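The residues making up each chain are set out below.
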Amino acid sequence: MEKEGSKEGSIYRRFKPHLLMVLSQMGYTFLYFITEASFNHGMNPHVYITYRHVVSGLVMFPFAYFLERKVRPKLTLALFVEIFILSLMGVGLTLNMYFASLSYTSPTFLASMVNTIASLTFVIAVMLRMEVLDLRNPRGVAKVVGTLVSLGGVMTMTLYKGPIMKNLWDPLIHIQRNTTIHENWLKGSTLTVASCVTWSIWYIMQALTLKRYPAQLSLTTWMSFIGAAQSAVFTVCVDHTREAWTIGFNIDLWSTLYGGAVCSGLIIFVQLWCTEKKGPVFVTMFNPLSTILVAVLAYFIVGEKLYMGRIPGLNLHLWRLSIIGGVIIIVGLYLLSWGKEGDQEAKIKSEEESNTAHDEGVPAP
C-alpha cells in the first residue's frame, strides 16, 4: 500500500505542471467568451486591461505580503527596473498592441498569429541556450518536430477549407457581435507580429527574473500594479474621453473581475511556478489548447460553425475551428511534451549524481 501511494504521489508530482497548465487554458477559455461579450457591450479594451490588472494586484497583494514575507528578496533599483520592463512586455505594451490590432485585422488572423508564440519562444530559448537541444537525441528531434507540427496545425486551422459541420441543436447562449472592423492590414499585421514577439520575450524574461526574484506571488502582484499603471498611461494617450473609464454593474464589471482575479492573478502565478519548474517553452506549448477548447464550447453552447477546415480570408467569427488543424496541434504538443520530459529526466539524474558526490565528499563533475 505504501509503495502504491508513493508511486501515485510520484506520478502526480511529475505531471502536476501539465495538469496546472491544462486548467490554466480552461480558465482562459471562459475569458474569451466573457470578454467578447463585454467588448461588444461597449467596453474599451485598453480600459479593460487597466482595470483588470488593478483587480489582479489587489487580489494577489495580501497573499504575496503574508505568504512570501520570509522568502521575498529585497527589491533593489536594478530589480525594479527589470520588473518594470517585464510588466511592459507582458501587460503595458503587449496586451495593448494585441487589442489595438484587433481593430485593423480580422479575429481569425489574430488568433492564428497568437498561436505562434510557442514556436517563437522555443526559437528564442534555443538561441539564448535556455533550452537544451540535442538533435542526436530522439527527444531533441521530438522538440523540433513537435514545434513545427504545432505550427503546421495553426496554419491548417487558418488556411485549409473544408465542409461545415451542422449544429446539433440551437445555441444555448446568444452573444451579440460587433461586426465593424476598420481594415488596415499593414498596421494591424505589424501590431500583431510585434505583440507576439514581445509576448515571447516576456515568457523568456520570466524565467530570468525568477532566478533573481524567486517569489511568484510577489512578482505577479508587482507586474499587475506596474502593468496597470503603464496601461493607464497608454489609454489616456489614445482615448481622452471620461466616459471610456465608466464601468457599470453589468458584463463589463464581471469580465474585469474574472479577468483580474483568475487570469491575471491566479493563472499568471501558476504560469510563473511552471516556468520556474519546467521553463518558458513548456508553458507556451499549451497555448493552442485554449483555441481548441473555445472552438468546441462555441460549437456546442454558442452555436458557432465548426469546420473540417477553415475559411481563408476575412472571417468575423473568431472560433471556427479546423478539426484537422486541432488534431495536428495536439500531436505536436504530445511530441514536444515527450521531448521536454527528457530534460526533466536529465535534471533529476544530474541532481542525484551531485548529491551522491556530495555525500561521498567528491567534487561533482
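Parameters at a glance
Residues numbered from 1 in each chain as written. Predicted model: local features only at pLDDT ≥ 70, side-chain atom pairs only at ≥ 80, totals over all residues. Heavy atoms only, no water. Helix = DSSP H or I, 4+ residues; strand = E, 2+ residues; numbered from the N terminus. Buried < 20%, exposed > 50% of the residue type's maximum accessible area, 1.4 Å probe, protein only. Areas by Shrake-Rupley, 256 points an atom, 1.4 Å probe, with all protein chains shown as cover. Salt bridge = Lys/Arg side-chain N within 4 Å of Asp/Glu carboxyl O. Core = buried A, V, L, I, M, F, W, Y, C linked by side-chain atoms within 4.5 Å. Contact = heavy atoms within 4.5 Å. Axes fitted to C-alpha atoms, helices over the stretch in contact; angles between N-to-C directions. Parallel < 35°, antiparallel > 145°, perpendicular 65-115°, else oblique. Polar contact = N/O pair within 3.5 Å; in protein donor to acceptor, adjacent residues only side chain to side chain. Phe/Tyr/Trp six-rings, centres within 6.5 Å; stacked < 30°, edge-to-face > 60°. Lys NZ or Arg CZ within 6 Å of the ring centre and 35° of its normal. Expected span 1.5 Å × (residues − 1). pLDDT = per-residue confidence, 0-100.

## A word on the overall build of the chain
Inference 1: Helices and strands together make up the secondary structure of the chain, namely 13 helices and two strands.
Inference 2: Of all 365 residues assigned to the chain, the portion counted as buried reaches 47%.
Inference 3: Accessible surface for the chain amounts to roughly 18,700 Å². Of this, 68% is attributable to carbon and sulfur atoms.

## Some thoughts on the pattern of salt bridges
Close approach of charged atoms lets side chains of opposite charge pair.
Inference 1: Counting across every chain of the model gives one salt bridge.
Inference 2: Among the ionic pairs, R212 bridges to E82, the shortest N-O distance being 2.9 Å. Of this pair, R212 sits in helix α8 (residues 185-212) while E82 sits in helix α3 (residues 77-92), and the two are 130 residues apart along the sequence.
Inference 3: Taking relative accessible area as the criterion, R212 reaches 48% and is therefore assigned partly exposed.

## A short note on the nonpolar core
Inference 1: Within the largest apolar cluster, 52 residues are counted, with the highest numbers of intra-cluster contacts made by L31, W199, W202, L219 and M223.
Inference 2: Those residues in contact with W202 that sit more than four places away from it in its chain are L86, M89, G90, M223, I268 and Q271.

## Points about the packing of α3 against helix α4 (residues 94-101)
Inference 1: Across the interface, α3 lies against α4 with an axial gap of 4 Å and an inter-helix angle of 20°. By the angle class used here, α3 and α4 are roughly parallel. From α3, L88, M89, G90, V91 and G92 reach across to α4, where they touch T94, L95 and N96.

## A word on the side chain of T50
Inference 1: In this structure, T50 sits in helix α2 (residues 45-67).
Inference 2: T50 sits in the buried class, given a relative accessible area of 4%.
Inference 3: Engagement of the side chain of T50 in a polar contact is seen with the side chain of S231, the distance being 2.9 Å.
Inference 4: Discounting chain neighbours no more than four positions away, the residues touching T50 are A228, S231, A232, T235 and W245.

## Describing the packing of aromatic side chains
Inference 1: On inspection of all chains with the given rule, the structure shows twelve aromatic pairs.
Inference 2: Seen from their ring centres, W202 and Y203 are 5.1 Å apart, and the 55° between their planes marks the pair as tilted. The same class applies to W202 as to Y203, namely buried.
Inference 3: An aromatic cluster of three or more residues is present, and its members are F39, Y48, Y98, F99 and W199.
Inference 4: Between K278 and the ring centre of F282, over which it is positioned, the NZ or CZ distance is 5.4 Å.

## So, α3
Inference 1: Under the 1.5 Å per step criterion, the end-to-end length of α3 is only 20 Å for 16 residues, more than 12% shorter than the ideal 22 Å.
Inference 2: Residues of α3 that are buried include every one of L79, E82, I83, L86, S87, M89, G90, V91 and G92, and no others.

## Concerning the confidence of the model for the chain
Inference 1: Per-residue confidence for the chain averages 78 on the pLDDT scale, and 72% of its residues sit at or above 70.
Inference 2: Low pLDDT, under 50, characterises residues 308-321; the stretch is placed with 62 contacts to residues that sit more than four places away or in other chains.

## Points about the environment of V91
Inference 1: Position of V91 relative to the elements: it lies in helix α3.
Inference 2: Assessed through its relative accessible area of 5%, V91 is described here as buried.
Inference 3: If we ignore the near neighbours within four places in the chain, the residues touching V91 are I49, H53, N96, M223 and G227.

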